[in-house]
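Chain residues, written in single-letter form:
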Amino acid sequence: MGARVLLVGQGGREHATAWKLLQSPKVEHVFVAPGNSGTGLIATNLPPRTTDIEGIVAAAKQHRIDFYLACSDDPQPLGLVDRLQAEGILCYGPSAAAARIEANKSWAKGFMSRHRIPTADGRAFDDYAAACTYLESLPPGKLWVKASGLAAGKGAVGCETRSEALSAIKEMLVDHQFGTSSDTIVIERDMPGWETSCHAFCDGKTAVLWPFSTDYKRSLDGGEGLNTGGMGAYSPSAGVSDALIEDIRRLVVDPVIAGMAAEGHPYNGTLYPGIMVTAEGPKIVEYNARQGDPESQVLLPRLESDLYEVTRAAARGGLASIEVRWSSKPSVGIVIASRGYPESFETGLAIRGLDTVDRDVLVFHAGMKSAGGGFVTSGGRVCTVVAMGDTMEEARAIAYDNARRITFENAYYRTDIALEAV
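Here's what I pulled together on the structure shown here. The model shown is predicted, which means the values in this text are computed figures rather than measured ones.

What about a nonpolar patch on the surface?
So, point 1. Taken together, Leu22, Leu41 and Ile42 make up a surface patch of nonpolar side chains, about 250 Å² in accessible area.
So, point 2. When you line up the elements, Leu41 lands in helix α2 (residues 37–42).

Some thoughts on helix α12 (residues 392–403)
So, point 1. Spanning 12 residues, α12 covers 16 Å between terminal C-alpha atoms, matching the ideal 16 Å at 1.5 Å per step.
So, point 2. Listed as buried for α12 are Met392, Ala395, Arg396, Ala399, Tyr400, Asn402 and Ala403. Within α12, the buried residues cover an arc of 165° as seen down the axis, which keeps them to one side.

Looking at the sheet that holds strand β7 (residues 143–147)
So, point 1. One open sheet accounts for four strands, arranged β6-β9-β7-β8; its pairing is antiparallel. The sheet is open, and its two edges are formed by β6 (122–125) and β8 (156–159), each paired on a single side. Along the sheet, successive strands turn relative to each other by an average axial angle of 20°, direction set aside.
So, point 2. Here β7 pairs with strand β9 (residues 185–189) via five bridges, running antiparallel. Bridge pairing in β9 links Leu143 to Arg189.
So, point 3. Sitting on the sheet, helix α7 (residues 128–137) is in contact with β6, β7 and β9, with an inclination near 160° to β6.

So, the environment of Met388
So, point 1. Mapping Met388 onto the fold places it in strand β23 (residues 381–388).
So, point 2. Apart from residues no more than four positions distant in its own chain, Met388 is found in contact with Pro301, Arg302, Ser327, Lys329, Pro330, Ser331, Ala395 and Ile398.

Re the side chain of Thr270
So, point 1. Looking at the secondary structure, you find Thr270 in strand β17 (residues 268–278).
So, point 2. In this view, Thr270 contacts Tyr92, His199, Ala200, Phe201, Trp210, Asn288, Ala289, Arg290 and Gln291; residues no more than four positions away in its chain are not counted.

Concerning the pattern of salt bridges
When charged atoms on two side chains of opposite charge get close, those side chains can pair.
So, point 1. In this structure the tally under the stated criterion is 23 salt bridges.
So, point 2. Across the pair Lys217 and Asp215 runs a salt bridge whose closest N-O atoms are separated by 3.1 Å.
So, point 3. Of the residues examined, Lys217 reaches a relative accessible area of 30% and is grouped as partly exposed.
So, point 4. Ionic pairing is found between Arg249 and Glu246, a salt bridge with its closest N-O pair at 3.6 Å. Separated by three residues within a single helix, Arg249 and Glu246 lie in helix α9 (residues 242–262), roughly one turn from each other.
So, point 5. Exposure remark for Arg249: the relative accessible area of 24% places this residue in the partly exposed category.
So, point 6. On the accessibility criterion, Glu246 (43% relative accessible area) is partly exposed.
So, point 7. Taken together, the shared-partner salt bridges in this structure form one network comprising Glu54, Lys61, Arg83 and Glu87.

Points about helix α6 (residues 105–114)
So, point 1. Within the sequence span of α6, burial applies to Lys105, Trp107, Ala108, Lys109, Phe111 and Met112.
So, point 2. Looking at the packing, one finds that the buried side of α6 touches α5 (100–103), β6, β7, β9, α9 and β18 (281–288).
So, point 3. The first or second residue beyond α6 is Arg116, which carries a positive phi of 55°.

About the criteria used
- Residues numbered from 1 in each chain as written.
- Predicted model: local features only at pLDDT ≥ 70, side-chain atom pairs only at ≥ 80, totals over all residues.
- Heavy atoms only, no water.
- Patch = residues over 30% accessible without salt bridge, like charges linked within 9 Å, V, L, I, M, F, W, Y side chains within 5 Å.
- Areas by Shrake-Rupley, 256 points an atom, 1.4 Å probe, with all protein chains shown as cover.
- Salt bridge = Lys/Arg side-chain N within 4 Å of Asp/Glu carboxyl O.
- Helix = DSSP H or I, 4+ residues; strand = E, 2+ residues; numbered from the N terminus.
- Expected span 1.5 Å × (residues − 1).
- Buried < 20%, exposed > 50% of the residue type's maximum accessible area, 1.4 Å probe, protein only.
- Arc of directions from axis to C-beta.
- Pairing = 2+ DSSP bridges.
- Axes fitted to C-alpha atoms, helices over the stretch in contact; angles between N-to-C directions.
- Contact = heavy atoms within 4.5 Å.

Structure (structure tokens):
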């Protein structure tokens, strides 16, 4: 009997992870709670939502799950790994205590200070008047106001002026824009530089870096528009040298592994640091305690090793015994979204052209659902079209050629994904 693996989430990242797991001869079945139309084609979707911890645990017992792989952000801070481990289920993912590095930016700021991890200057506040007083003490310049808790990737507001920062502080602390997630906020000075993202398999003692990727958060070409969960990505990242990779490992990855272990909550799972490369070297924008989306969609197709074997070894503390291999071929992912995302947008729109996509091109479902023998839109980010090529230019051309074939009313996508890398 092969492994029965559980994922939690409903985006393109979960579809990509299920697709990769099912390439393993050691995996019998993958279950996804709640999943989406794409995971429903290859795995079994389960009813519980991502925050229904007791429902997920009950479903895991009912379906005889023996391995949980954490890839989304919601369940770990709520203690899902702790609960599943108490039921005897092997887990690759951080405990609630370790997941604070993403779920509680105020705590993460203190952790980085304690372990001398380079990041932006800033402070945490839960009092509106105190936050405003601190703001008035700062010299002119761009600031970031961030909800301390999880906010679906939309809780960080870049403020060019003091009045913009005051508005963001009020919206979070007074108007509770993000609910309890913004009961505490972090105000940070801007870090000039360029951004990249890193992933690492971690087993509590060892970290193994993935290839680097670059994602595009703004909704429109040229970095314009509103901040989103991600409009596309490519890998490997342009400008990331071997020397920079070693600096990132030494300064912002290894200190997390050592610091978490020293504080009594070893970090097991995928760590995803968002990094700004500044004139002084790499600095942390924020840590994520899970895989990125849409980064997973361009990274997992490059993984040549068995994802199940790698993550199972990490869950058992044996990552050092596993060789992790990656393809040298670059990959490009284009997110097709509903116009109006990340604000208001229409759903239920018929999607056409999925059957015209090239056989070796991947389409990972996100905001779409089955209807009438086809698919309709059900969210802002509808799908990610991913292509690999011998060169970045080839991968980019194939990805865009296939993205153009998928149509629905008010569909849009950025046209500059990976342009900097060709």
